[in-house]
Amino acid sequence: MPEQTTALLRVDSLQVHYGAVQALKGVSLHVNAGEVVTIIGGNGAGKSTLMKAISGLEPAAAGSIAFEGQDITRMPGHLRVPLGIAQSPEGRQVFADQTVHDNLLLGAYHRKDGAAAIAADVEKQFAAFPRLRERREQMAGTMSGGEQQMLAMARALMARPKLLLLDEPSLGLAPLIVKEIFAIVRQLKSQGVTILLVEQMANQALAVADRAYVLETGRFTLEGAAADLRRDPKVRAAYLGAHA
């Protein structure tokens, strides 16, 4: 998809350092409203670092991040959520000693539209994730990995984001649960939710995305339509396997 005049998210020449280690080496990307864009790459490529920089959890050493045309490069992370950026983080990071219901309410902590609207959105998430309704009063830390992933995604959606950051949603999950998670991603896409997806399972990610970037050791080495990259011999050899 061509870049819109004002992309919803624009990252330009972003650098992030961990001490002497340069994790991101001048990456640039854009996400237009309504798109699903995926970033694929191996362990240590810098994918989660990029997501943390966009959400404000890692500072930029150089470059810029703009959201709806507003420079947010130096904005604290907690101020980015009300703008419309919500993240389902790598490793899920649910509030283990809180119930499923309380986790969802915590996802709406910044909202000012009243208890009735928030309660309606809780019901909306329970409709989208029926297993969470069944476990409404269960402590989140006692649930399976797949259930916690669903909760992390639902919690992020409680913020009513304009941009949903999904960081490794399939990590550590059984194949059947991975299939279920990607079915949810497709459903969100059909509803017009804008998603930036970081994922090691490249075949599934490219199948659901509109566009894709390949990140290797802190740099983008390929970008383009997801369907094209899925057919690219280099991508197939490096990330999809001979059976893809």
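Computed from a predicted model, the values in this text were never measured in an experiment.

> Outline the packing of helix α6 (residues 145–157) against helix α7 (residues 175–190), supporting the account with residue identities and numerical values.
For any two helices packed against each other, the geometry comes down to the angle between their axes and how far apart the axes lie. Contact geometry of α6 with α7 gives a least axis separation of 10 Å together with a crossing angle of 15°. By the angle class used here, α6 and α7 are roughly parallel. Our pair here, α6 against α7, has a crossing hand that is right-handed. Between α6 and α7, the contacting residues are Gly146, Gln149, Met150, Met153 and Leu157 on the first element and Ile177, Glu180, Ile181, Ile184, Val185 and Leu188 on the second.

> Please provide a residue-by-residue account of the side chain of Thr99, values included.
Here Thr99 shows up in the loop between β6 (85–88) and α3 (100–107). A polar contact is formed between the side chain of Thr99 and the backbone nitrogen of Asp102, at a distance of 3.0 Å. Not counting residues up to four positions away in its chain, the partners in contact with Thr99 are Arg136, Glu137, Gln138, Met139 and Ala140.

> Could you give an account of the pairing of strand β8 (residues 195–198), naming the residues involved and the relevant values?
The alternating pattern of β8 places Ile195 and Leu197 and Leu196 and Val198 on opposite faces, both of which are buried. Where strand β3 (residues 36–40) and β8 come together, four bridges link them in parallel fashion. Each residue of the ladder has a partner; that of Ile39, found in β8, is Val198. Where strand β7 (residues 163–167) lies against β8, four bridges are found, and the strand directions are parallel. Each bridged residue has a counterpart across the sheet, and for Asp167 the counterpart in β8 is Val198.

> I'd love a proper account of unusual backbone geometry, names of residues and values included.
We note that Ser13 has phi near 50°; this positive angle belongs to a residue other than glycine. Note that Ser13 resides in strand β1 (residues 9–18). In this structure, Thr217 is a non-glycine residue whose phi angle is positive, near 40°. Considering the arrangement of structural elements, one finds Thr217 in the loop between β9 (211–216) and β10 (219–225).

> Lay out the sheet that holds strand β4 (residues 62–67) with the relevant residues and their values.
Strand order in this open sheet of four strands is β2-β1-β4-β5, and the pairing throughout is antiparallel. Looking at the sheet topology across the chains shown, the edges are occupied by β2 (21–31) and β5 (70–71). Where β4 lies against β5, two bridges are found, and the strand directions are antiparallel. The partner of Phe67 across the bridge, within β5, is Gln70. Strands in contact with helix α1 (residues 47–55) are β1, β2 and β4; relative to β1, the strand with the most contacts, it is inclined by about 115°.

> Provide a residue-level description of the packing of α3 against α6, including the pertinent values.
Two numbers describe how α3 lies on α6: the axes approach to 7 Å, and their chain directions differ by 35°. Considering the relative orientation of α3 and α6, their crossing is right-handed. Residue-level contacts link Val100, Asn103, Leu104 and Gly107 of α3 to Leu151, Ala154 and Arg155 of α6. The class makeup of the residues in the contact of α3 with α6 is four nonpolar, two polar and one charged.

> Describe the sheet that holds β9, naming the residues involved and giving the relevant values.
The strand order across the open sheet built from six strands is β6-β7-β8-β3-β9-β10, with neighbouring strands paired in mixed fashion. Looking at which strands have only one partner, the edges of the open sheet turn out to be β6 and β10. Direction aside, the axes of adjacent strands within the sheet are offset by 15° on average. Taken strand by strand, α1 contacts β3, β6, β7, β8, β9 and β10, and its axis lies near 150° from that of β7.

> Account for the pattern of salt bridges, with residues named and values stated.
With the rule as written, the count across this model stands at 15 salt bridges. In this structure, Arg160 and Asp121 form a salt bridge, with 2.7 Å as the shortest nitrogen-oxygen distance. Of this pair, Arg160 sits in the loop between α6 and β7 while Asp121 sits in helix α4 (residues 115–128), and the two are 39 residues apart along the sequence. Relative accessible area serves as the criterion here: at 46%, Arg160 is assigned to the partly exposed category. Its relative accessible area of 9% is what places Asp121 among the buried residues. Note that Lys189 is salt-bridged to Asp210, the shortest N-O span being 3.4 Å. Of the two residues, Lys189 sits in helix α7 while Asp210 sits in the loop between α8 (202–208) and β9, which places them 21 residues apart along the sequence. Judged by its relative accessible area of 28%, Lys189 is partly exposed. Taking relative accessible area as the criterion, Asp210 reaches 27% and is therefore assigned partly exposed.

Scoring rules and cut-offs
- Residues numbered from 1 in each chain as written.
- Predicted model: local features only at pLDDT ≥ 70, side-chain atom pairs only at ≥ 80, totals over all residues.
- Heavy atoms only, no water.
- Axes fitted to C-alpha atoms, helices over the stretch in contact; angles between N-to-C directions.
- Helix = DSSP H or I, 4+ residues; strand = E, 2+ residues; numbered from the N terminus.
- Parallel < 35°, antiparallel > 145°, perpendicular 65-115°, else oblique.
- Left-handed = near helix turned anticlockwise from the far one by under 90°.
- Contact = heavy atoms within 4.5 Å.
- Polar contact = N/O pair within 3.5 Å; in protein donor to acceptor, adjacent residues only side chain to side chain.
- Buried < 20%, exposed > 50% of the residue type's maximum accessible area, 1.4 Å probe, protein only.
- Pairing = 2+ DSSP bridges.
- Nonpolar A, V, L, I, M, F, W, Y, C, P; charged D, E, K, R; others polar.
- Salt bridge = Lys/Arg side-chain N within 4 Å of Asp/Glu carboxyl O.

None of the figures reported here should be taken as evidence of function without further support.
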